[in-house]
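# Summary of structural features
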Amino acid sequence: MQTFAGKGVFGGIAIGRIHVYKKNERCVKRYKVVDVEAETERFRKACSDTDSELGALYDATVREIGESNAAIFEIHRMMLKDADFTESIENIIRNEGVNSEYAVCVTADNFAQMFSAMDDEYMKARAADVKDISERILNTLQNRSNSGINSGEPGIIVAEDLAPSETVQLDKSKVIAFVTRLGSANSHTAILARTMNIPAVVSCGMEDIDALDGREAVVDGFSGKLYVEPDEETLALMREQKNAHEEKKRLLQSLKGKENITTDGKHIMVYANIGGLGDLAAVLENDAGGIGLFRSEFLYLEKDRYPNEEEQFTVYKRVAQTMAGKQVIIRTLDIGADKKIGYFDLEEEENPALGYRAIRICLDRVEIFKTQLRAILRAALYGKIGIMYPMIISVEEVHTIKQIMSEVKAELDAQGIPYGKVTQGIMIETPAAAVISDLLAKEVDFFSIGTNDLSQYTLALDRQNQKLDKLFDAHHPAILRLIETVVKNAHDKGIWAGICGELGADTTLTRTFLKMGVDELSVSPPYVLPIRDIIINSSTK
Amino acid sequence: MNKFDRRKERYTIMKEFTYTVTDPLGVHARPAGILVKEAVKFTSDITIEKDGKSADAKRIFGLMGLGVKQGHTITVRADGADEDAAIAAMQALIKENM
């Protein structure tokens, strides 16, 4: 067995035979032409034929996988008709008196070079687009088909790289996965693959691609691995995972679009937890009713300086727009000495879990907090946004937050910057907040119970310490009683209460939570449908 | 380039505005495509300038080649019969997409 590791860009497992895909081996010859006018005309004709072909491809892609994925072909048409590009080709034909193929190759190389030289990964990747359109013109010039990959039996496509138009033209009935030696998570190939539901691995460390042709293999899009001639053990494991994945997909199909209503008619909000824009696809794919916990930390973690208002606004706006009117609950910055961010310059602490973290930092370094609130308020114009504050222990903290919130709104008003309405809630993740939840409920619009921290603080057990694992009981009655109290206090004051911690996804407790009256469960995307399955078959009584 | 130099010699009054890009991705393929699509609707010459480098807004390679990123300031100019309409359309589009 040979194992090659790469980057999985779409999850899924495929087992089958490898087909090595090679572009038409093209050897472009340079030769002199006598009639340069006729040659120019030949190029123009090829260009206009290629343009119609791209138009048709655009229409087909819109129909199959949507406008946003088809947009690339519209860009390709613009590139094809770009006067700088065509003038360069025609100049070479005229000035050197050479054939169109040669002129196209030289020009494409120059333009691709321009992108490759740019100091931006995204722009570098655009060199592939230039190569893609020039391939198309060359095929048209030489009357070759642009129809893409057509292998005989269904198999795993292995290639050096795949151009966007090649990927989209994969005959899905014949291709069960693809693996490329080059390519990045930014490439159109990766983006399209996700939409097309084909397991895919890019940047895969294969040396001799040709030697793989025709061999049995397994592609694991989850871990980004290609196993060639897998041993029995690997094959069995992969088969098992494949079945589990397919079982999940079947569940998805039958439950998608259904409402989360219990047998006695209570509607439960089943939302998703996300940690960044990359998780949005999974939220939509799993049909979550909204986002119950958007961990905003990634905005801070991925930078080496504080993210500014515009950067945050752009991200929040994108999430709000993508969710199209469904609830999006953004949790404000939740970091501390245990989640290190260099530029925050936090001191080492003896007891980080009980230390300077989350809302404690925000209320101390108010400017950081205000920047985030401004960005969220502005984004609220584009969707239904809720804000949730972590690590609350007192009513005073909520009062301070409200004071800061009204200052932020006054500043926006003074600057004439428009913003939207938001609801405000708090995380219940300290025993203190749970015990005084009757007082806190008067102050906010909702509660979301963070069971991970609530459990470790209630039981005084460090979750990181493996020696304590056997003592840790996730279903400890103290925790369940606290949850019950919180939900009751919320309802007494007319607000809703949900659970966004790990316990929310614990399907053995779902019925217990429904009986307690929990209104919302926010779980990682793959749990949305299993939870829905239980809800529609359970009663709250 | 020559075309623009000639135009300057005519001392025509053209319309222009500047804008600072806020989209974290900058002027990547999709916004560039949106600009070109709009620009070609006008007969006026429309240019986009960044750091003294200028590109024709009707040509996608040139636009992408400017390498406009978040925080960069660009100057958009329109010159021709429908320059008022062109500059208004470009301004609206750029504000919304970049």
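Above this text you will find the structure in question.
Residues numbered from 1 in each chain as written. Chains lettered and ligands numbered in written order. Predicted model: local features only at pLDDT ≥ 70, side-chain atom pairs only at ≥ 80, totals over all residues. Heavy atoms only, no water.

### Topic: the nonpolar core
Going by this rule: The criterion is simple. A nonpolar core is a set of buried Ala, Val, Leu, Ile, Met, Phe, Trp, Tyr and Cys residues joined through side-chain atoms within 4.5 Å. Each residue is assigned to one of three classes by its accessible area relative to the maximum for its type, calculated with a 1.4 Å probe on protein chains only: buried under 20%, partly exposed between the two thresholds, exposed over 50%. Whether two residues are in contact is decided by their heavy atoms: any pair within 4.5 Å suffices.
Judged by nonpolar contacts, the single largest core of 87 residues is most densely connected at A:F344, A:Y389, A:F447, A:I483 and A:F513. Excluding residues that lie within four positions of it along the chain, A:Y389 makes contacts with A:T332, A:I359, A:F369, A:L373, A:I401, A:M405, A:Q424, A:G425, A:I426 and A:M427. Judged by nonpolar contacts, the second largest core, of 63 residues, contains A:A112, A:M123, B:A55 and B:M90.

### Section: the environment of A:T510
Residue and element names in this part refer to chain A. To keep things clear, this is the line we draw: Helical segments are the DSSP runs of H or I of at least four residues, strand segments are the runs of E of at least two, and each set is numbered from the N terminus.
When you line up the elements, T510 lands in helix α20 (residues 510-516). Taking relative accessible area as the criterion, T510 reaches 0% and is therefore assigned buried. Taking the C-alpha atoms as reference, T510 lies 22 Å from I426; in sequence the two are 84 residues apart. Excluding its chain neighbours within four sequence positions, the residues that come into contact with T510 are L521, I531, I534 and I535.

### A closer look at the interface of chain B and chain A
Applicable threshold: Two parts placed together each lose some accessible area; with a 1.4 Å probe, that loss summed over both constitutes the buried area. By definition, a salt bridge exists where a carboxyl oxygen of Asp or Glu is found within 4 Å of a side-chain nitrogen of Lys or Arg. Here a polar contact is taken to be a pair of N or O atoms separated by no more than 3.5 Å, where protein atoms must pair a possible hydrogen donor with a possible acceptor and residues adjacent in sequence count only if both atoms sit in side chains. Residue classes follow a fixed rule: Ala, Val, Leu, Ile, Met, Phe, Trp, Tyr, Cys and Pro count as nonpolar, while Asp, Glu, Lys and Arg count as charged, and any other residue, Gly among them, counts as polar.
Listed per partner, the contact involves 19 residues of chain B and 27 residues of chain A. Carbon and sulfur atoms supply 64% of the area that chain B and chain A bury against each other, a total of about 1900 Å² over both sides. A per-residue breakdown of the area chain B buries against chain A is headed by B:R59, B:F61 and B:M64, which together make up 36% of the total. There are three salt bridges connecting chain B and chain A. With a shortest N-O distance of 2.9 Å, A:E74 and B:K37 are connected by a salt bridge. Inspection of the chain B/chain A interface yields four residue pairs in polar contact (both at pLDDT 80 or more). When residues of the side of chain B that touches chain A are traced back to their parent elements, those giving at least two are α2 (29-39) and α3 (60-65) of chain B. Per-class residue counts for the side of chain B that touches chain A are seven nonpolar, seven polar and five charged.

### Some thoughts on the sheet that holds strand β4 (residues 73-79) of chain B
Residue and element names in this part refer to chain B. Keep this limit in mind: What makes two strands pair is DSSP finding at least two bridges between them. Inter-axis angles, ranging from 0 to 180 degrees, are taken between N-to-C directions of lines fitted to C-alpha atoms, where helices are fitted over the stretch in contact.
What the four strands build is an open sheet, ordered β1-β4-β2-β3; its pairing is antiparallel. Only two strands of the sheet have a single neighbouring strand rather than two, namely β1 (15-20) and β3 (53-56). When the angles between neighbouring strand axes are averaged without regard to direction, this sheet yields 25°. Pairing of strand β2 (residues 45-50) with β3 involves four bridges; the strand directions are antiparallel. Residue pairing across strands places K50 opposite K53, the latter belonging to β3. Together, β1, β2 and β4 form the strand contacts of helix α4 (residues 83-97), whose direction differs from that of β1 by roughly 5°.

### Quick word on helix α19 (residues 477-492) of chain A
All names here are of chain A. This is how the line gets drawn: Take the residue count of a helix, subtract one, and multiply by 1.5 Å to get its expected span.
Compared with the 22 Å implied by 1.5 Å per residue over 16 residues, the 22 Å span of α19 between its first and last C-alpha is a close match. What α19 keeps buried is the set I479, L480, L482, I483, V486, V487, N489 and A490. Remark: G494 follows α19 within two positions and exhibits a positive phi of approximately 75°.

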